[in-house]
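Summary of structural features
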Amino acid sequence: MSQAETKPFDYLIHNVNVATMANGTDYGLINNACVGVKSGVIRFIGTQEQLVSPNNLEQNAENLVNAHNQWLTPGLIDCHTHLVYGGNRANEFEMRLNGAAYEEIAKAGGGILSTVRATRSASEQDLFDSASKRLKSLLKEGLTTIEIKSGYGLDTESEIKMLKVAKRLGKEFPVRVATTFLGAHALPEEYKERGDDYIDLICNEMLPTIAELELADAVDAFCENIGFSYQQTKKVFETAKRLGLPVKLHAEQLTDQSGAGLAADYNALSADHLEYLSQDSIEKMAKSGTVAVLLPGAFYFLRETKLPPIQALRDANVPMAIATDSNPGTSPAESILLMLNMACTFFRMTPLESLQGVTINAAKALGLQKEIGSIEIGKKADMVLWDIEHPNQLSYQLGGSNWTRTFKS
């Protein structure tokens, strides 16, 4: 190849072990491999002998990256977070440890509403600065994509403010941000005992405005006995459907409201939490392809005892994703790797399932499985290099990070 000719790849990662996570049944391991990237897209995965110029690596790429026998995985995806908010709720953590229940705190005006007050009063810059700190922690653990919900504004202006901050995070940091409108997160104080009126506000004003501004990639709600009813949630979903926005749902965290089944009826991207998930809803999720997003951080932080029905989800071949649920009240988590360990220890998921939960299945939970979530030719080159001996080590270690380098398209 002459110097004037264009080389096949912008960069070539060589001397690397790859966990492609591509086939859904194992890690997709390729030892002593090379991965070639052109214009931010993966164009080659294989052995050095399969390259056009196997005996002269420099002829294959503008830049060579020697991985020194480390492991390459897809970039990690946190598919359920509430990263943008004002204040914190350390006082409520102490209250719970002194015996107060989550529902008791919420009904007394604490919980989500205390964060709403702090978020409404915070400036856009204040929200950006606090969320940036949390995002930086996640980026140090190989995160390349994150979902960020609104839901702590609960009025049109504040919800827009939160979503703008989330979009800005995606522009100023090397991370893809998927935004979700969660106006139906809680009933704001000014709508106390007027839940239907608030749902009307969401459907008639908030959602159409946010859709017109193109601030949300999806719509979420909290279908629960301390949140919104089945019928109220259905009305939000109908509006989202009319506006062409996909839906997802906080479902069956505290009680069985058949929310996951409702979400599946609307071909939801995901149903999340799911501790009280019924067999009927599992079967509906399996038919619709709705991903089960499991949130071990909230399970741990609230000291829950009711486990999600993991084996039933396995038996039905429902994809399971894992996320931090990063939020100030029930999962102030800033470590995606810790969630892998929690998924294994609390939920008895396997290391393979937990890694699938933050790669290929998390991509499905965001509707992005054709672009990210596995190392395959034609997908975006969102990848992470780890100084580990095997991918199962990512869910094994408590604390620290073996992250070496992130490749972001």
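Residues numbered from 1 in each chain as written. Predicted model: local features only at pLDDT ≥ 70, side-chain atom pairs only at ≥ 80, totals over all residues. Heavy atoms only, no water.

Within an unreviewed UniProt entry, the label attached to the protein reads Imidazolonepropionase, and the organism entered is Kangiella koreensis. Regarding the protein, the UniProt comment filed under Pathway (unreviewed entry) reads as follows: "Amino-acid degradation; L-histidine degradation into L-glutamate; N-formimidoyl-L-glutamate from L-histidine: step 3/3." The Catalytic activity (unreviewed entry) field of the UniProt record for the protein holds the comment "4-imidazolone-5-propanoate + H2O = N-formimidoyl-L-glutamate". (UniProt positions renumbered as here; feature names shortened; annotations may be inferred.)

What follows deals with the packing of aromatic side chains. Per the stated rule, a full pass over the model turns up 11 aromatic pairs. When the ring of phenylalanine 128 is compared with that of phenylalanine 173, the centres are 6.3 Å apart and the planes differ by 35 degrees; the resulting orientation is tilted. With a gap of 45 residues between them, phenylalanine 128 in helix H4 (residues 124-139) and phenylalanine 173 in the loop between helix H5 (156-172) and strand S8 (176-184) connect regions that are remote in the sequence. Here phenylalanine 173 falls in the buried class, since its relative accessible area comes to 16%. Measuring from centroid to centroid gives 5.5 Å for phenylalanine 237 and tyrosine 266, while their planes differ by 65 degrees, and the two rings are edge-to-face. Here tyrosine 266 lies in the loop between helix H8 (259-265) and strand S11 (270-273) and phenylalanine 237 lies in helix H7 (residues 230-242), a separation of 29 residues in the sequence. Comparing phenylalanine 237 with tyrosine 266 shows no difference in burial state: the two are buried. The rings of Phe299, Tyr300, Phe346 and Phe347 are connected pair by pair, giving a single aromatic cluster. One residue, arginine 134, lies across the ring of tyrosine 85, its end atom 3.8 Å from the ring centre. (Phe/Tyr/Trp six-rings, centres within 6.5 Å; stacked < 30°, edge-to-face > 60°. Helix = DSSP H or I, 4+ residues; strand = E, 2+ residues; numbered from the N terminus. Buried < 20%, exposed > 50% of the residue type's maximum accessible area, 1.4 Å probe, protein only. Lys NZ or Arg CZ within 6 Å of the ring centre and 35° of its normal.)

On to the domain arrangement of the protein, then. Taken domain by domain, the protein consists of domain 1 (9-74 + 375-407) and domain 2 (76-366). Each partner contributes residues to the interface: domain 1 has 21 residues there, and domain 2 has 20 residues. Carbon and sulfur atoms supply 64% of the area that domain 1 and domain 2 bury against each other, a total of about 1,700 Å² over both sides. Interface area lost by domain 1 to domain 2 is led by Met21, Leu394 and Ser395, which between them contribute 32%. Between domain 1 and domain 2 we count 0 salt bridges in total. Where domain 1 packs against domain 2, one counts 5 residue pairs in polar contact (both at pLDDT 80 or more). Elements with a minimum of two residues in the side of domain 1 that touches domain 2: strand S14 (383-386) and strand S15 (403-407). For the side of domain 1 that touches domain 2, a count of residues per class yields 10 nonpolar, 7 polar and 4 charged. (Domains from an automatic or database assignment. Contact = heavy atoms within 4.5 Å. Buried area = accessible area lost by both parts, 1.4 Å probe. Salt bridge = Lys/Arg side-chain N within 4 Å of Asp/Glu carboxyl O. Polar contact = N/O pair within 3.5 Å; in protein donor to acceptor, adjacent residues only side chain to side chain. Nonpolar A, V, L, I, M, F, W, Y, C, P; charged D, E, K, R; others polar.)

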